[in-house]
Amino acid sequence: MMESKEKEYITSVGEGIYSINTGDWRINEPVLDQEKCKKCGLCFLYCPVFCIEKKDDYYEINYDYCKGCGICARECKSGAIKMVEKGSSSYAKN
Ligand code: SF4
Ligand code: SF4
């Protein structure tokens, strides 16, 4: 009973965030250069909405949920992620 009542008023961060398409909010968006990527996983760890997905041997940004905060680009030590104006890259779905 308590659990369902909590769900009416409070959503956990993960559950709440994924029910909202946070990709609608962004002004700028990250572009990941696979050639420069060292596969260290820092962007994956630091993304606050967990929208960088680990594939078999590379990382991919899920633009449905990327809110364009730029943390991934800031944390990437290889310069593999650049922030660009939304819509200016063919990589990102807008
Ligand atoms: S932080 Fe940079 S180098 Fe590391 S996985 Fe992400 S894009 Fe690749
Ligand atoms: S800009 Fe980077 S860190 Fe921020 S939400 Fe998008 S993928 Fe995640």
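Rules and cut-offs
Residues numbered from 1 in each chain as written. Chains lettered and ligands numbered in written order. Predicted model: local features only at pLDDT ≥ 70, side-chain atom pairs only at ≥ 80, totals over all residues. Core = buried A, V, L, I, M, F, W, Y, C linked by C-beta atoms within 7 Å. Buried ≥ 20, exposed ≤ 12 C-beta atoms within 10 Å, placed from the backbone. Helix = DSSP H or I, 4+ residues; strand = E, 2+ residues; numbered from the N terminus. Near = placed C-beta within 6 Å. Nonpolar A, V, L, I, M, F, W, Y, C, P; charged D, E, K, R; others polar. Contact = placed C-beta atoms within 7 Å.

Caption draft 1: Main features of the nonpolar core. With 15 residues, the main nonpolar core has C43, C51, I52, I61, C72, C76 and I81 as its most contacted residues. Residue assignment for this core shows that the elements contributing at least two residues are β3 (59-61) and α4 (71-75).

Caption draft 2: Examining the site of ligand 1 more closely. Lining the immediate environment of ligand 1, one finds 14 residues, of which C37, C40, L42, C43 and C76 sit closest. Partitioned by chemical class, the residues of the shell around ligand 1 number 9 nonpolar, 2 polar and 3 charged.

Caption draft 3: A look at the site of ligand 2. Around ligand 2 lies a shell of 13 residues, among which C47, C66, C69, I71 and C72 are the nearest. Its residues assigned to classes, the shell around ligand 2 comprises 10 nonpolar, 2 polar and 1 charged.

Caption draft 4: Up close: the environment of E29. For E29, the position within the fold is in strand β1 (residues 28-32). Among the residues examined, E29 registers 25 C-beta atoms within 10 Å and is labelled buried. For the pair E29 and M83, spaced 54 residues apart in sequence, the C-alpha separation works out to 5.3 Å.

Caption draft 5: Local environment of the environment of P48. Within the element layout of this structure, P48 appears in the loop between α3 (42-46) and β2 (52-54). Given 12 C-beta atoms within a 10 Å radius, P48 is considered exposed. Taking the C-alpha atoms as reference points, P48 and K67, separated by 19 residues in sequence, lie 9.3 Å from one another. Setting aside residues up to four positions removed in sequence, P48 forms contacts with C69 and I71.

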